[in-house]
Every structure is written in C-alpha cells, then in structure tokens.
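Notes for the structure review
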Amino acid sequence: MNPLAELLRGEILRDGPISFRRFMDAALYDPEYGYYRRARDPFGREGDFYTAEQLQPVFGMLVAARVRTLWREMGSPADFTVVELGAGRREMAGAFAEWRYVPVDLTAGSLPEQFRGVVFANEFFDALPVHVVTAAEGLLRELCVGWETDRFCWVPGPPATQELADYVRRWFPADFAGTAEVNLEALRWLERIGAALRAGYLLAIDYGYTRAEAARFPHGTLMSYRRHSARENVLEHPGEQDLTAHVSFTALSEHGAAAGLETVRFETLAQMLLSAGEGDQFAEVLAGGTPAEELRRRLQLKNLLFGMGETFRVLLARKA
Ligand SMILES: C[S@@+](CC[C@H](N)C(=O)[O-])C[C@H]1O[C@@H](n2cnc3c(N)ncnc32)[C@H](O)[C@@H]1O
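Residues numbered from 1 in each chain as written. Predicted model: local features only at pLDDT ≥ 70, side-chain atom pairs only at ≥ 80, totals over all residues. Heavy atoms only, no water.

Focus on the domain arrangement of the protein chain
Note the following rule: An automatic or database domain assignment supplies the start and end points of every domain. Only heavy atoms matter for contacts: two residues are in contact if any of them lie within 4.5 Å across the pair. Two parts placed together each lose some accessible area under a 1.4 Å probe, and adding up what both lose gives the buried area. Salt bridge, as applied in this entry: a Lys or Arg side-chain nitrogen positioned within 4 Å of an Asp or Glu carboxyl oxygen. Counting from the N terminus, the helices are the DSSP runs of H or I reaching at least four residues and the strands are the DSSP runs of E reaching at least two.
Segmentation of the protein chain into domains returns domain 1 (1-39 + 131-182 + 216-245) and domain 2 (45-126 + 184-207 + 247-320). One C-alpha centre belongs to domain 1, the other to domain 2, and the line joining them spans 28 Å. Taken together, the contact between domain 1 and domain 2 spans 22 residues of the former and 20 residues of the latter. Roughly 1700 Å² is buried in total at the junction of domain 1 and domain 2, and carbon and sulfur atoms are behind 52% of that figure. Applying the counting rule to domain 1 against domain 2 returns two salt bridges. Here Arg21 and Glu185 are joined by a salt bridge, their closest N and O atoms 2.7 Å apart. When contributions to the side of domain 1 that touches domain 2 are tallied by element, the ones reaching two or more residues are helix 2 (20-29), helix 4 (162-171), strand 11 (223-226) and strand 13 (242-244). No other element matches the five residues that helix 4 contributes to the side of domain 1 that touches domain 2.

Concerning helix 9 (residues 291-308)
Rules: A helix is expected to span 1.5 Å for every residue after the first. The buried label goes to any residue with under 20% of its type's maximum accessible area, the exposed label to any with over 50%, and the partly exposed label to all in between, with areas taken from a 1.4 Å probe on protein chains only. Directions pointing from the helix axis toward each C-beta atom define the arc.
Its 18 residues give helix 9 an end-to-end C-alpha distance of 24 Å, which sits within 8% of 26 Å, the value for a rise of 1.5 Å per residue. Residues Glu293, Arg297, Gln300, Leu301, Leu304, Leu305 and Met308 constitute the buried set of helix 9. Looking straight down helix 9, one finds that the buried residues subtend no more than 135 degrees of arc, so they occupy a single side. Set apart from the buried face of helix 9 by more than 90 degrees, the exposed residues are Pro291, Ala292, Leu295, Leu299, Lys302 and Phe306. Here the buried face of helix 9 lies against helix 3 (58-73), helix 7 (269-277) and helix 8 (281-286).

Focus: the nonpolar core
Short version of the rule: Residues enter a nonpolar core if they are buried and are Ala, Val, Leu, Ile, Met, Phe, Trp, Tyr or Cys, with the set joined through side-chain atoms within 4.5 Å.
The biggest cluster of nonpolar side chains holds 38 residues, and the ones touching the most others in it are Phe59, Val63, Val67, Phe96, Phe120 and Leu269. When residues of this core are traced back to their parent elements, those giving at least two are helix 3, strand 2 (80-85), strand 4 (115-122), strand 9 (197-206), helix 7, helix 8, helix 9 and strand 16 (313-319). When residues in this core are grouped by element, the largest group, eight residues, is from helix 3.

Focus on the sheet that holds strand 3 (residues 100-104)
The strands making up a sheet are joined through hydrogen bonds of the backbone, oriented either antiparallel or parallel. Test applied: Here the rule is simple: two strands pair whenever DSSP picks up at least two bridges between them. Here an angle of 0 to 180 degrees is reported between the N-to-C directions of two axes, which are lines fitted to C-alpha atoms, with helices fitted over the stretch in contact.
In space, the six strands of this open sheet follow the order 3-2-4-9-16-15, with mixed pairing throughout. A strand with exactly one partner marks an edge of an open sheet, and here the two such strands are strand 3 and strand 15 (262-268). Averaged over all pairs of adjacent strands, the angle between their axes in this sheet comes to 15 degrees, without regard to strand direction. The sheet contact formed by strand 2 and strand 3 spans five bridges and is parallel. If you follow Val83 over to strand 3, its bridge partner there is Val102. Against the sheet, helix 6 (residues 249-258) contacts strand 9, strand 15 and strand 16, and its axis sits at roughly 5 degrees relative to strand 16.

Points about the site of the ligand
The cut-off we apply is this: The criterion for a residue being near a molecule or strand is simple. One of its heavy atoms has to lie within 4 Å of it. A 3.5 Å cut-off defines polar contacts: any pair of N or O atoms within that distance qualifies, except that in protein one atom must be a possible hydrogen donor and the other a possible acceptor, and neighbouring residues in sequence count only when both atoms are side-chain atoms. All accessibility values rest on the Shrake-Rupley procedure with a 1.4 Å probe; residue burial counts only the protein chains present in the view. Nonpolar residues are Ala, Val, Leu, Ile, Met, Phe, Trp, Tyr, Cys and Pro. Charged residues are Asp, Glu, Lys and Arg, and all others, Gly as well, are polar.
Neighbouring residues of the ligand: 16 residues in total, closest Tyr29, Thr51, Gly86, Asp105 and Asn122. Between a nitrogen atom of the ligand and a main-chain N or O atom of Gly86, the distance comes to 2.7 Å. Here an oxygen atom of the ligand and a side-chain polar atom of Asp105 are 2.5 Å apart. Considering the ligand on its own, with 600 Å² of exposed area, one finds that the protein chains cover 93% of that surface. Considered class by class, the residues forming the shell around the ligand number eight nonpolar, four polar and four charged.

So, in structure tokens, the structure goes:
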C-alpha cells in the first residue's frame, strides 16, 4: 500500500468514512503524495494522458486566433491579460506571448485582481475535487469512501447537505435517479472569476454534459487514467492515477451568469477550432517550413478536429 493510501485508511479507521471530495483532493493534491504534486510528469507519452494543450503549436495557434478575435471585439486594449487556470506545463505560454500572460497552478500564480482580458481554462474544472451523491426513491445521499478488509470501498453516507441537494436540484433533471458528482469548487471559481474580471471572457474547454444530458450518466462520470488507459476503479492507488469528473456545463453557465459571466457561445471544440481557423489561419497553422513539420501539424489538426473535437466542448462567457 502506498503512503497516501495508508494515510487515508488511517483517517477512515479513526474517524469513519470520508467524503469522496476529501479522497480526490488528497489523491490529486496532497502536498506530499498527490498525483499533481509528485516529481513524475503525468503528461505526454511517458505519462498517463495527453491533453489538447500538448498538441503544439497547432492548438496554441488556433486558440490564440480565437482570443485575438475577443481582444479585437473589446477594442484591442493595451492592458489585455490572459489568465490561464490550471496552466500545468505552461504549454500555452508561447501562444499567448503577445499579451500579458498569467499562468495559475497549484504552486504558482494567482488570479489577478480587477483585470481586463480572458480567463482560459483547459481541463481545469474536471480536475477539481467533487462530492458524490446518489439519488434513489426521492432520497439524496452522499456516497462516501470507507475501508473494507484490504481496499477502499463506497459506503452510503448521510443525507446530502442542503448545498449538495441544491446543486442537484438546480442542474440535474427533476427526475434524476442515480449517481452524480457535485462540483462545489467549480462554483467557487466562477464566483472568483466573476469578481476578478473587470471586463472580458471566460473560455473554458472541458468534457461534460448539460442538464438534459445528465441522464446519460446514471452511474456518474468519474474516471481515472493511468498509462494512457482509462480505469473505472477510482478508489485504487490514490496519488498514482489521475482522477476526473465530467463538468456540468449547465452549472458553469447558470452559476457563471449569477456571477456576472453571461454565456455567449457553447459549442464543440471542433466548431470552435474551425471558426478560429477561418480566413488564413489554417494555412498559417499548417505552414511548418519543412515537409516533416507540415505532416506533424496536419496530424495534430486531425487529432484535434476528429479525435478530441467532438468530445470536448467550449463555453464562452462574457463579463460586460
Ligand atoms: C488536467 S490538468 C490540465 C493542465 C493543462 N491545462 C492542460 O490542458 O494540459 C489540471 C491542472 O489543474 C491544476 N489545478 C487543479 N486545482 C487547482 C487549483 N485549485 N488552483 C490552480 N490549479 C489547479 C492542476 O495542478 C493541473 O495542472
């Protein structure tokens, strides 16, 4: 058993089952053993997963083209700032170099106060620790993590708190039955973004569902990734595998609106990239200088449009 599993098991044996939010927070972000805190790089070929951001320079050039349109729409202000939440390996630094770029991750950077520009977030909201609840016969309970003989297991917890129940009532269908994740942390981030952004946009890319689509996931959407394969047992090996939960875009959009961020577009990543590439952008993006580089870029574009393009969605919200 790894040291983080020991620590969590000790906590459960001492105090009883813990919320999944606590489990996921420790598994990903424990200062010593959390998945995103370890020396091993989780991204790329040697890691556990690829994100769209790693398909550089194509992804960066097209997203920058999209941001440039927003910058122009705002009158090309000189003080335009691009803040990236969950900037990871800072793959976007080059693409955003024409503006003031503020990468924010766990150990560096913070949301500036009162700025104009864009908050960019790629696979950020899906990495925030979530509570898990289950709805059956009109009763909503939290699902907690317990310990059984030699492994972590799911155990029914107490009736859901008012805050968890409100989330499900607001952003899931009225007759929702099954298991769902509740991302309170995402709501807190939307409030922070709404308060910090004087004027500008939130551009969030993630996988997720709307209220109407939630019924497609009666067992919830938690996934873990290790060495490029998706695993369903999210309670195994805490700290050694990535954990994600699909995002409720209805929650992002509606809670965002309450925080001053009005949704202006909601589309697939493919649609966003295709409109960003209109005009001369695709030609520019694919002009790599050498045949090998051009081929590499073509493959990146293909992967972005056809591989990730329909799975990922983009929410664009404006603070006027
Ligand atoms: C799935 S990774 C995505 C990284 C990058 N955006 C990409 O697409 O390659 C999620 C990132 O969010 C960061 N993150 C999670 N919680 C955070 C928080 N509360 N504040 C800042 N960054 C956070 C993690 O450290 C991690 O780098």
